[in-house]
Amino acid sequence: MGKLLIVGTVAFDAIETPFGKTDKILGGAATFIGLAASQFDVDAAIVSVVGDDLPYEYLQFLADKNIDISAIEIVKGGKTFFWSGKYRNDLNTRDTISTELNVLADFNPVVPENYKNSEVVMLGNLHPSIQMSVINQMEKRPKLIVLDTMNYWMNNTSEELKEVIKHTDIITINDEEARQLTNEYSLVKAAAQIHTMGPKYVVIKKGEHGALLFHNDNIFFAPALPLEEVFDPTGAGDTFAGGFVGYLSETENESFNNLKNAVIHGSNLASFCVERFGTERMANLKKEEVERRLHQFRELTQFDIQLQ
Ligand code: AMP
């Protein structure tokens, strides 16, 4: 079984969508990544930090999904990272209302000894210096280092972020972030520029419009499954990343063709995440449901055109 090391936030989220509003619920990049990756045959661990205001049941819930939580530090008297956001009516655009770093501000991540040889490292969204510190603690260069980030870190820690990007094999970001990072409107040009910054593979997520995978001149596009129910897109990007790395850790094959499958698995799992608030839908997702939707994905994208 492949080892997958995940670093990212474990958070309190407060979300408002056109369909409702939540108080503080469990969220965070590492949470969604871990839940999605746990659908695969992988040995996954999360490196993160929370305050003791986070109910222990939330961590137990992750442990029950076979995610190693021993490297989630609990700071006594500390406050957990908090994010709140509000979605516009199209659900594809959201405004961040507040980001409170709290215990994340002084976090020194410690990679557990038994995960220092992980084949795949998923650097989920958080401070790029923390991401870099995790890379530096690895025993040897992992087979794959995958990075996800967002505009918050581009705005506040641009130089540190560029340094981490240099060390990564694959970056997964959304279209708006790819444009911000490169000052290019065309996503093809943006991906080409990101290649020169480090990553061999660039994945650009476009929310309900699917995802693009770039590898030099090769491009692959996966649509998002058209859904009847889209309730709360929070965590969809991280769920995509978790499905993507979960599949890659299980299959241990970094060919372009296998990465295409990883994009489909990521998109498939993200399609569930958006159907309920927060982690609700991922909490009791069944293997059969996942499998059924993969069939739908194949149906949706197959055609038999006659070419000369
Ligand atoms: P996504 O919808 O996949 O882009 O990610 C949503 C998750 O990212 C939420 O659960 C938040 O807790 C988390 N999040 C929001 N802002 C940040 C940030 N600046 N750094 C790390 N995680 C964040």
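Quick note: structure is the one above.
What counts and what doesn't
Residues numbered from 1 in each chain as written. Predicted model: local features only at pLDDT ≥ 70, side-chain atom pairs only at ≥ 80, totals over all residues. Heavy atoms only, no water. Near = heavy atom within 4 Å. Polar contact = N/O pair within 3.5 Å; in protein donor to acceptor, adjacent residues only side chain to side chain. Helix = DSSP H or I, 4+ residues; strand = E, 2+ residues; numbered from the N terminus. Nonpolar A, V, L, I, M, F, W, Y, C, P; charged D, E, K, R; others polar. Buried < 20%, exposed > 50% of the residue type's maximum accessible area, 1.4 Å probe, protein only. Phe/Tyr/Trp six-rings, centres within 6.5 Å; stacked < 30°, edge-to-face > 60°. Axes fitted to C-alpha atoms, helices over the stretch in contact; angles between N-to-C directions. Parallel < 35°, antiparallel > 145°, perpendicular 65-115°, else oblique. Left-handed = near helix turned anticlockwise from the far one by under 90°. Contact = heavy atoms within 4.5 Å. Pairing = 2+ DSSP bridges.

Asker: Can you help me understand the site of the ligand in this one?
Answerer: Lining the immediate surroundings of the ligand are 19 residues, of which Asp13, Gly28, Arg94, Gly235 and Asp238 lie closest. Taking Gly28, its main chain carries an N or O atom lying 2.7 Å from an oxygen atom of the ligand. Separating an oxygen atom of the ligand from a backbone N or O atom of Gly237 is a distance of 3.1 Å. Of all the secondary-structure elements, those providing two or more residues to the shell around the ligand are β2 (11-17), α4 (151-156) and α8 (236-251). With three residues, α8 is the largest single contributor of residues to the shell around the ligand. Partitioned by chemical class, the residues of the shell around the ligand number nine nonpolar, seven polar and three charged.

Asker: How should unusual backbone geometry be read in this particular structure?
Answerer: Even without being glycine, Leu91 reaches a positive phi, approximately 65°. Inspection of the secondary structure puts Leu91 in the loop between β8 (82-87) and β9 (94-100). Despite not being glycine, Asn216 has its phi angle at roughly 50°, a positive value. Following the sequence through the fold, Asn216 ends up in the loop between β14 (211-215) and β15 (218-222). With relative accessibility at 53%, the residue Asn216 sits in the exposed group.

Asker: Got a minute to help me understand the packing of aromatic side chains in this structure?
Answerer: To describe a pair of aromatic rings, one takes the distance between the centres and the angle between the planes. Overall, the coordinates contain six aromatic pairs when judged by the stated rule. Where Phe12 meets Tyr58, the ring centres are 6.5 Å apart and the plane angle is 75°; that geometry is what we call edge-to-face. Linking Phe12 in strand β2 with Tyr58 in helix α2 (residues 56-64), this pair joins segments that are 46 residues apart in sequence. Residue classification places Phe12 among the buried positions, given a relative accessible area of 6%.

Asker: Sorry if this is basic, but what is going on with the packing of helix α6 (residues 175-182) against helix α7 (residues 187-197) here?
Answerer: The angle between the axes and the distance between the axes are what describe a pair of packed helices. One way to put it is that α6 packs onto α7 with a least axis distance of 9 Å and a crossing angle of 60°. The angle between the axes of α6 and α7 places the two elements in the oblique class. Of the two elements, α6 crosses α7, and the hand of that crossing is left-handed. Each of Asp175, Ala178, Arg179, Leu181 and Thr182 in α6 lies in contact with α7, whose residues at this interface are Leu187, Ala190, Gln193, Ile194 and Met197. In terms of residue class, the contact of α6 with α7 is built from six nonpolar, two polar and two charged.

Asker: I would appreciate a short explanation of the pairing of strand β12 (residues 170-174) in the present structure.
Answerer: On a regular strand, one side chain projects to one face of the sheet and the next to the other, so that they alternate. Of all five residues in β12, four are buried; the element is thus mostly enclosed. Bridging between β12 and strand β13 (residues 201-205) involves five bridges; their strand directions are parallel. What sits directly across from Asn174, in β13, is Lys205.

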